[in-house]
Amino acid sequence: MQKINWIILHGKDRGTNYGVGTFITHFADGLSGHERIQVFVLQTELKEVTTFHIETKGNITYLKFPKLMKDDAQPIQKEYMQAAKGIARVMSLYISNRTVNIVHMNFRYEYLLGEELKKVLNAKIIFTQHITPFSSEPVDGNIMDEKIFMLSDVIVPVSNNGRDSLIHRLANRDKLTTIYNGISHKLFEAKRNPHYIRKKYGLEKNIKLILYSGRLDFGKGLQYLLEAFSIVLKKQKDCHLIVAGDGEFGELIKYAAPMSSHIKFLGRVPFNELLDLYKEAIIGVIPSLKEECSYVALEMLHCGLPVIASNIGGLKEIFTHGEDAFLLEMTKPTGNKIYPKAPEVTQISDYIIQLIEDESLRERFAAAARKKAMEKFTDETMINGYLELMQTQLKL
């Protein structure tokens, strides 16, 4: 049976440090165990390398390209076109166009590089849509969408909400297959060290921990959680809010200042320590204003952490209200055109207090979460979805 080269594009973007980067890591690791497939991760715009070089880790080959564009270059500008052609020329020297090649894109702006690689490698193109564009209007005439829809042989939304968005944006339904993100359950089986993580971050032994994990920006809704937490503290003094992530701290300080003794901003936390925090927390909160198949949500699900999440996008496909989570209705106007609705602060605080006070409810949510995680959101389920797609739609 003929071997397949699966080339995953991994451009330098803020998203590659968070959800999309997490997807690429888990996807490449899972795919590399398949005997028919050779996995390549094509990393571009790297400031830490000065020349193209190849690095192999396990069964994955990393093709690393230095930063080629100017700092102010936009994806559709001449600099990116030239960079795409240069990268494709190098790739054509390393990978034959007489082999079976798949180029896997994860951002819309990668279409220029995808076009060049499709030509020189005679490749099939898979596009995974991780992020639904802000506009809800059909985008007939939008050059980036048109290019992606024409270029891609298969388009994979990571939620049915994302699929609906693609259809609304005039994508060909026959190219669409929803495959949820997944993560290895083995990552969550190791025994954790609660004493270490509490000691490292100065968290008292008996304090109840409420956890937020993710980027700090307006779209993640953390300001509403901070406001809600101030209400919680009026009834529950023995709890702390833990914020794990980096980004825009400035706007959040005004919300956090009056209760600073009960909030810990940890910055970006290594994954192993994040697992410890998941295990130590009693509640996880995801108050996002926009979200698809969030890896933070999947991590909390696998850890059996009771969750309060916004009833939006892919989150309402991951969690079931009253079964493994509480879902927040988006009824609060924000005055923001991009994110027009947010969860009500009082609803967040009410759900937090309810979960703090009801241990049996937390245990029921936790058991249901772990069960669902193993049934729907493992790396094996994700990889099998792509392999089936490869056979049925790409005919490889």
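None of the values given here were measured: they were computed from a predicted structure.

Conventions and cut-offs
Residues numbered from 1 in each chain as written. Predicted model: local features only at pLDDT ≥ 70, side-chain atom pairs only at ≥ 80, totals over all residues. Heavy atoms only, no water. Helix = DSSP H or I, 4+ residues; strand = E, 2+ residues; numbered from the N terminus. Expected span 1.5 Å × (residues − 1). Buried < 20%, exposed > 50% of the residue type's maximum accessible area, 1.4 Å probe, protein only. Pairing = 2+ DSSP bridges. pLDDT = per-residue confidence, 0-100. Contact = heavy atoms within 4.5 Å. Axes fitted to C-alpha atoms, helices over the stretch in contact; angles between N-to-C directions. Salt bridge = Lys/Arg side-chain N within 4 Å of Asp/Glu carboxyl O. Phe/Tyr/Trp six-rings, centres within 6.5 Å; stacked < 30°, edge-to-face > 60°. Parallel < 35°, antiparallel > 145°, perpendicular 65-115°, else oblique. Left-handed = near helix turned anticlockwise from the far one by under 90°. Nonpolar A, V, L, I, M, F, W, Y, C, P; charged D, E, K, R; others polar.

## Brief notes about unusual backbone geometry
Trans is the prevailing form of peptide bonds, just as negative phi is the prevailing case for residues other than glycine. Within the chain, Asn122 stands out as a residue other than glycine whose phi angle is a positive 55°. With a phi close to 60°, Lys395 is a non-glycine residue in the positive phi region. Inspection of the secondary structure assignment puts Lys395 in the segment after helix H14 (379-392).

## Overview of helix H1 (residues 19-31)
Between its terminal C-alpha atoms H1 stretches 18 Å, which fits the 18 Å expected from 13 residues at 1.5 Å a residue. Taken together, the buried positions of H1 are occupied by Val20, Gly21, Phe23, Ile24, His26, Phe27, Ala28 and Leu31.

## Points about the pairing of strand E4 (residues 60-66)
Within E4, seven of the seven residues are buried, which leaves it mostly tucked inside the rest of the structure. A two-sided burial pattern is seen for E4, the buried positions comprising Ile60, Tyr62, Lys64 and Pro66 on one face and Thr61, Leu63 and Phe65 on the other. Pairing between strand E2 (residues 37-46) and E4: six bridges, direction parallel. Opposite Val41, over in E4, you have Tyr62 as the bridge partner. For strand E3 (residues 53-57) and E4, the ladder comprises five bridges, and the chain directions are antiparallel. Across the sheet, the residue bridging to His53 is Lys64, located in E4. The antiparallel hairpin formed by E3 and E4 contains two residues in its connecting segment, where Gly58 sits at a positive phi of about 65°.

## So, the confidence of the model for the protein chain
Residues of the protein chain with pLDDT of at least 70 account for 94%, and the chain-wide mean is 91. Under a pLDDT of 50 for its full length, residues 136-141 has, in the predicted model, ten contacts with residues more than four places off or in other chains.

## What to know about the sheet that holds E4
Through backbone hydrogen bonds, the strands of a sheet pair up, either in parallel or in antiparallel fashion. Here we have seven strands laid out as an open sheet, ordered E3-E4-E2-E1-E5-E6-E7, and mixed in their pairing. Taken across any chain shown, the strands that pair with only one partner, and hence form the sheet edges, are E3 and strand E7 (154-157). Looking at each pair of strands side by side, their axes are set apart by 20° on average, direction ignored. Looking at chain direction, strand E1 (residues 4-10) and strand E5 (residues 100-105) are connected through five bridges and run parallel. Note on E5: the bridge partner recorded for Ile4 is Val100.

## A closer look at the pattern of salt bridges
Two side chains of opposite charge can pair, provided their charged atoms sit close to one another. The full count for this structure, using the stated rule, is 14 salt bridges. Ionic pairing is found between Glu116 and Lys85, a salt bridge with its closest N-O pair at 3.4 Å. Residue Glu116 is located in helix H3 (residues 111-121), and its partner Lys85 is located in helix H2 (residues 78-94); the two are separated by 31 residues in the primary sequence. Asp217 is paired through a salt bridge with Arg215; the nearest N and O atoms lie 3.2 Å apart. Residue Asp217 shares its accessibility class with Arg215, and that shared class is buried. One network of salt bridges, with partners in common, ties together Lys85, Glu116 and Lys119.

## Some points on the packing of aromatic side chains
Under the counting rule described, the total for this entry stands at eleven aromatic pairs. Aromatic pair Phe218 and Tyr339: ring centres 5.9 Å apart, planes at 50°, arrangement tilted. In this pair, Phe218 sits in the loop between strand E8 (208-213) and helix H7 (222-235) while Tyr339 sits in the loop between strand E14 (330-333) and strand E15 (341-343), placing the two residues 121 residues apart along the sequence. Exposure remark for Tyr339: the relative accessible area of 16% places this residue in the buried category. A centroid spacing of 4.3 Å and a plane angle of 10° characterise the contact between Phe326 and Tyr351, whose relative ring orientation is stacked. Here Phe326 is found in strand E13 (residues 325-328), whereas its partner Tyr351 is found in helix H12 (residues 345-357), with 25 residues between them in sequence. Summarising the burial analysis for this pair, Phe326 and Tyr351 share the class buried. An aromatic cluster of at least three residues, connected via ring pairs, comprises Trp6, Phe23, Phe27 and Tyr386.

## Quick look at the environment of Leu389
Within the secondary structure, Leu389 is located in helix H14. The spacing of Leu389 and Glu116 is 273 residues in sequence and 23 Å in space, taken between C-alpha atoms. Beyond its immediate sequence surroundings of up to four residues, Leu389 is in contact with Ile126, Val154, Val156, Thr177, Ile179 and Leu394.

## A few points about the packing of helix H9 (residues 271-280) against helix H10 (residues 295-303)
Across the interface, H9 lies against H10 with an axial gap of 10 Å and an inter-helix angle of 55°. By the criterion of interaxial angle, the relationship of H9 to H10 is oblique. For H9 against H10, the interelement crossing comes out right-handed. Here Phe271, Leu274, Leu275, Tyr278 and Lys279 of H9 come into contact with H10, specifically with Val296, Glu299, Met300 and Cys303. Taken together, the residues of the contact of H9 with H10 sort by class into seven nonpolar, no polar and two charged.

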